[in-house]
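Chain and residue survey
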Amino acid sequence: MMGMRWFGRVCVAMGLLTVALSCPVRAANWEWTEELGWSRSEEPAKPTPAAQYAYAESYESKSEYYDAARQYFLLVRTYPDSPEAGKAMTRLASVLFELENYYHCFKAIEDTIAKYPRSADEAKQQLMELEFLIAEKFMDGAPRSLFSHKNTDEERLSAAIEVYQAIIKNDPFGPNADRAYYGLGRAYNESKQPDKARETLQKLISDMPESRFVPLARYQISLANMQSGGGTGTEAQKQLQKAKTALEQAPDSSKAKGELSGVDDSMTRLEELEAGRMYKNAEFYERLGSAKSVKSAVFTYNEIIRRYPNTKAAAAAQDRVQNIEIPKEGGKLMLPSPKLDVWPFNK
């Protein structure tokens, strides 16, 4: 009788085990959606990490990136200690990049490096290049968050700085360290932090003097000096022209191609900046109203037209030259009182 009871209990236990193994494992109740980011879900994971990875991969292969992201994330939450979890994190980062969710992509990469160093090391080149692409997206205007209506330049530049800093921390002596230092210096410049820009770019010049980014770094330093009131647009233009010449003569022109493509745009922006500064100076001279100061204004307007003929300031200067009235010697041209928001009062 005892033997029959024991046999019955064994049969029940085996039955329960069979049911358990055949049932899908419940995850930690997280999923990705475009509207909410990571949110709760009752979706079950596959019974093994390998099966879940293959399931996620099947969505990615069909470019169904939202479903792929959900399934990779489900794997990591359900089987965090499995060999597939680290691989899933690297694939999740790539999928998030495809979804243009750049900041979450960056966070996925950093989580991979912190929690799954073996997987991160195996995919190191891919992950570092992905972080460069993310930083450059932010520099080109991509928003930090897809879910906020308050994205600002300050937020996206702060995100770019965070990504460049992470690249330097993760791979300080890698083949693209110079690219990271240059990007960080440029991001500091654009976020109005000239001191940090100079410090970062000077480190690039000192530590990596053979880098193709050195000429561009000198140009960025001249922009930082302008921001601090210690440099001129003319000096920045000289450095930019030197950078262009150096890049054109670079032995590996394919590597320099990306930097060259942005030099002409930088020259245009710099010309607009310097022409605008000169225009404000001319306006100030004109408002002083004396014959001498108005003549100085006319001279400055003409210099804008000569030096920077394709700028907005040149078109405005052309109009002023044609309509300006120079008072007699000793007289004064009466002009409306200016608001104190023009050079040099705008500091």
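Residues numbered from 1 in each chain as written. Predicted model: local features only at pLDDT ≥ 70, side-chain atom pairs only at ≥ 80, totals over all residues. Heavy atoms only, no water.

1. Observations concerning the overall build of the chain
For clarity, the cut-off: Secondary structure elements are taken from DSSP: a helix is a run of H or I of four residues or more, a strand is a run of E of two residues or more, and numbering for both begins at the N terminus. Here's how the labels work: a residue is buried when its accessible area is under 20% of the maximum for its type, exposed when over 50%, partly exposed in between, all with a 1.4 Å probe on protein chains only. Any pair of residues with heavy atoms lying within 4.5 Å of one another is described as a contacting pair.
For the chain, the helix and strand inventory stands at 15 helices and four strands. Expressed as a percentage of its 347 residues, the buried residues of the chain come to 42%. Long-range contacts, defined here as pairs at least 24 residues apart, represent 58% of the contacts in the chain between residues at least 6 apart.

2. A closer look at the pattern of salt bridges
Definition in use: Note on definitions: salt bridges are taken to be side-chain nitrogens of Lys or Arg within 4 Å of carboxyl oxygens of Asp or Glu.
For the structure on display, the rule yields 14 salt bridges. Glu60 is paired through a salt bridge with Arg91; the nearest N and O atoms lie 2.3 Å apart. Here Glu60 is found in helix 2 (residues 49-61), whereas its partner Arg91 is found in helix 4 (residues 83-98), with 31 residues between them in sequence. We classify Glu60 as buried; its relative accessible area is 15%. Here Arg91 falls in the partly exposed class, since its relative accessible area comes to 24%. Ionic pairing is found between Lys124 and Asp171, a salt bridge with its closest N-O pair at 3.4 Å. In this pair, Lys124 is assigned in helix 7 (residues 124-139) and Asp171 in the loop between helix 8 (153-170) and helix 9 (177-190), connecting sequence segments 47 residues apart. In the salt-bridge network here, residues are joined through shared partners; they are Glu129, Glu136 and Arg179.

3. Concerning the nonpolar core
Filter applied, for reference: Among buried residues, those of type Ala, Val, Leu, Ile, Met, Phe, Trp, Tyr and Cys that are joined through side-chain atoms within 4.5 Å constitute a nonpolar core.
Counting 64 residues, the largest nonpolar core has Tyr72, Cys105, Ile134, Phe138 and Tyr164 as the members making the most contacts within it. Counting residues per element, this core draws most heavily on helix 8, at nine residues. Other than its neighbours up to four places away in sequence, Tyr164 contacts Phe132, Ala135, Glu136, Met139, Ala180, Gly183, Leu184 and Ala187. Counting residues in each nonpolar core, the second largest holds 14 residues, with Ala275, Met278, Val298 and Ile304 among its members.

4. Description of the packing of helix 9 against helix 10 (residues 194-207)
To keep it simple, the criterion reads: Simply put, an axis is a line fit to the C-alpha atoms, just over the touching stretch for a helix, and the angle between two N-to-C directions goes from 0 to 180 degrees. Roughly parallel refers to an angle under 35 degrees, roughly antiparallel to one over 145, roughly perpendicular to one between 65 and 115, and oblique to any angle outside these ranges. Here is the rule for handedness: rotate from the far helix to the near one, and if that takes an anticlockwise turn smaller than a right angle the crossing is left-handed, while a clockwise turn gives right-handed. By the convention adopted, Pro, Cys, Tyr, Trp, Phe, Met, Ile, Leu, Val and Ala count as nonpolar, Lys, Arg, Asp and Glu as charged, and the other residues, Gly among them, as polar.
Here helix 9 crosses helix 10 at 165°, and the two axes come no closer than 7 Å. On the basis of their axis angle, the class for helix 9 and helix 10 is roughly antiparallel. Where helix 9 crosses over helix 10, the handedness of that crossing is left-handed. Where helix 9 approaches helix 10, its residues Asp178, Tyr181, Tyr182, Leu184, Gly185, Tyr188 and Asn189 are matched on the opposing element by Pro194, Lys196, Ala197, Thr200, Leu201, Lys203 and Leu204. When the residues that make up the contact of helix 9 with helix 10 are grouped by side-chain class, the tally is eight nonpolar, three polar and three charged.

5. Notes on the packing of aromatic side chains
The condition is simple: Two rings from Phe, Tyr or Trp (for Trp, the six-membered ring) form a pair when their centres are within 6.5 Å of each other. A pair whose planes differ by under 30 degrees is stacked, one over 60 is edge-to-face, and the rest are tilted. By definition, being over a ring means that NZ of Lys or CZ of Arg is both within 6 Å of the ring centre and within 35 degrees of the ring normal.
Per the counting criterion, the structure on display carries seven aromatic pairs. Pairing Tyr103 with Phe106 gives two aromatic rings, centres 6.0 Å apart and planes at 55°, and the pair type is tilted. Here Tyr103 pairs with Phe106, and both are found in helix 5 (residues 102-115), just three residues apart, close to one helical turn. Here Tyr103 matches Phe106 in class, with each residue buried. A cation over an aromatic ring shows up here: Arg144 above the ring of Tyr103, its NZ or CZ 3.8 Å from the ring centre.

6. Notes on the packing of helix 7 against helix 8
Two measures define how a pair of helices packs: the angle their axes make with one another and the distance between the axes. Put simply, helix 7 and helix 8 touch, their axes get as near as 8 Å, and they point 155° apart. The angle between helix 7 and helix 8 places the two elements in the roughly antiparallel class. Like other packed secondary-structure pairs, helix 7 and helix 8 cross with a definite hand, here left-handed. On the side of helix 7, the interface is formed by Lys124, Met128, Glu131, Phe132, Ile134, Ala135, Glu136, Phe138 and Met139, while helix 8 contributes Arg156, Leu157, Ala159, Ala160, Val163, Tyr164, Ala166, Ile167 and Asn170.

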